[in-house]
Amino acid sequence: MAGIYIHIPFCRRKCHYCNFFSLASQKLKEPFLTALKKEIGQTRDYLCGEPVNTIYFGGGTPSLYNPLVLQEIIDLISLVTPPATRVTSFSGEAEINQDVNREITLEINPDDITPAYIGRLKQTSFNRFSIGIQSFFDEDLIWLNRSHSADQAIQSVRMLQEAGYENLSIDLIYGIPSSSHEKWQKNLETAFSLDVPHISAYALTVEAKTPLAWMIGQHKSATVNDEMQADQFNMLMNKTKEHGYLQYEISNFCKPGRHAIHNTNYWQGVPYLGLGPSAHSFNRSSRRWNISSLSKYIDGLNKGEPITDEELLTSVQKYNEYVMTSLRTMWGCNLEKINDELRMTNDDLIRKHASLFVKQGMLTENSGVFFLTDKGKLFADRIASELFIT
Ligand code: SF4
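Residues numbered from 1 in each chain as written. Predicted model: local features only at pLDDT ≥ 70, side-chain atom pairs only at ≥ 80, totals over all residues.

A few points about the overall build of the chain
Broken down by element type, the chain carries 15 helices and 17 strands. Here the chain has a C-alpha radius of gyration of 21 Å; the compact-globule value for 390 residues is 21 Å, and the two agree. The C-alpha extent of the chain, read off along each of the three principal axes, is 55 × 50 × 45 Å. Looking at the chain as a whole, 38% of its 390 residues qualify as buried. Counted over contacts in the chain with a minimum sequence separation of 6, partners at least 24 positions apart contribute 68%. (Helix = DSSP H or I, 4+ residues; strand = E, 2+ residues; numbered from the N terminus. Rg over C-alpha atoms; globule rule 2.2 N^0.38 Å. Buried ≥ 20, exposed ≤ 12 C-beta atoms within 10 Å, placed from the backbone. Contact = placed C-beta atoms within 7 Å.)

Written as structure tokens, this is what we have:
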């Protein structure tokens, strides 16, 4: 199985913390679509014929487009990619499927959801929505420079649910300097009250060259407080557990059986094709990435010039990537998989490097599979890097 990610590089305005490739100007929306269709035709071989079971529109803000226009992209992908014959259903059972059983996700911003927009969605095959809420407090949303209000955030979820869409995920951000533990707790309570099966929650990070980094550098904003973030991460883990969500990846929580298939595939080493400027692709033997410039992306596709760089992955890179991603998930880092699929036999070395973290209560081992403990999840990147080989 494989997935396709489409990067839509437009936003209504730029959020202060964001370093994703996207532009606030929408004047190239039409030329971008034409170029994207060309890219779909040219790149399908990258997946080596693997059936596609997930399509994910991210960005940027894909909901800036009319859903019927995005449906044309879905139809084109369906034409040029082999149909999946079997997919894993949301309940975890394998089932025979037609194209309709693909998980097809649309990232949406709350201010784009109106009755008219939902009416158009109903004519498409989107069956999962990831809603960029971030906070249910207006003052946080203003601080982050989000384009929606807290009320729009709640209404967007309710409108989609009333329209019969229940496969919803909401994005939240914690550790916002303008926020507090009380507000984070209220954000979580509001999220639980909306009864969505999936929540993604990320620590606010200060990325270089963002307005947030500038504001902090100029002392116009308080900086991110590591201790506050750690406390709010612990609150997140505890409260989601109390409400029946599984932490299946460090930043992702779902009701049993309701994990995002597309994102889980990334973490389990399933191939994916990324389309659009700055999108990345992976097909088990190589990684490649598209140019992070919209004008160069459009020009390149129009003129038949390359828009992609590619690197073949060495065994060491594959191993390090597996350790980094698998440790973040509830399925853990599996020595048998490292031996069988990555053909690396360094169990003793991993155990030696892991032993310190096991002693410190940050890792546990169960039948050859290493898992981060809740304490270890706070230091996931550092622990993974200690298990890397060079
Ligand atoms: S809407 Fe999303 S992609 Fe666009 S600027 Fe904000 S965080 Fe970045």
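Comments concerning the site of the ligand
Taken together, Cys 11, Lys 14, Cys 15, Cys 18, Phe 20, Ser 22, Gly 59, Gly 60, Thr 61, Asn 109 and Gly 132 make up the full set of residues near the ligand. When its residues are assigned to classes, the shell around the ligand shows four nonpolar, six polar and one charged. (Near = placed C-beta within 6 Å. Nonpolar A, V, L, I, M, F, W, Y, C, P; charged D, E, K, R; others polar.)

A closer look at the environment of Ile 154
Residue position: Ile 154 is located in helix H5 (residues 150-162). For Ile 154, a count of 16 C-beta atoms within 10 Å corresponds to the partly exposed category. Sequence separation between Ile 154 and Asp 195 is 41 residues; the distance between their C-alpha atoms is 11 Å.

A closer look at the pairing of strand E17 (residues 369-372)
Side chains Phe 370 and Leu 372 project from E17 onto a buried face, and the interleaved Val 369 and Phe 371 project onto a face without burial. Across two bridges, the pairing between strand E15 (residues 333-334) and E17 is antiparallel. Paired with Asn 334 across the strands is Val 369, a residue of E17. Pairing analysis gives four bridges linking strand E16 (residues 363-366) to E17, with the strands arranged antiparallel. The residue of E17 that forms the bridge with Thr 364 is Phe 371. Two successive antiparallel strands, E16 and E17, enclose a turn made up of two residues, where Ser 367 displays a positive phi of approximately 50°. (Pairing = 2+ DSSP bridges.)

Here's the deal with the environment of Asp 195
Within the secondary structure, Asp 195 is located in the loop between helix H6 (181-193) and strand E8 (198-203). You can call Asp 195 exposed: it has 12 C-beta atoms within 10 Å. Distance in space between the C-alpha atoms of Asp 195 and His 243 is 9.9 Å, their sequence separation being 48 residues.

Here's the deal with unusual backbone geometry
Excluding glycine, residues mostly carry a negative phi; peptide bonds, for their part, are mostly trans. A cis amide bond links Gly 59 with the next residue in sequence, Gly 60, at an omega value of 20°. The phi torsion at Cys 48 lies on the positive side, around 55°, for a residue other than glycine. Summarising the element assignment, Cys 48 is placed in the loop between helix H1 (29-43) and strand E2 (52-59). One non-glycine residue with positive phi stands out, namely Arg 284, at about 80°. Examined against the element boundaries, Arg 284 turns out to sit in the loop between strand E12 (280-282) and strand E13 (286-290). By C-beta crowding, Arg 284 is classed as partly exposed, having 14 other C-beta atoms within 10 Å.

Keep in mind that these numbers describe shape and distance, not what the molecule does.
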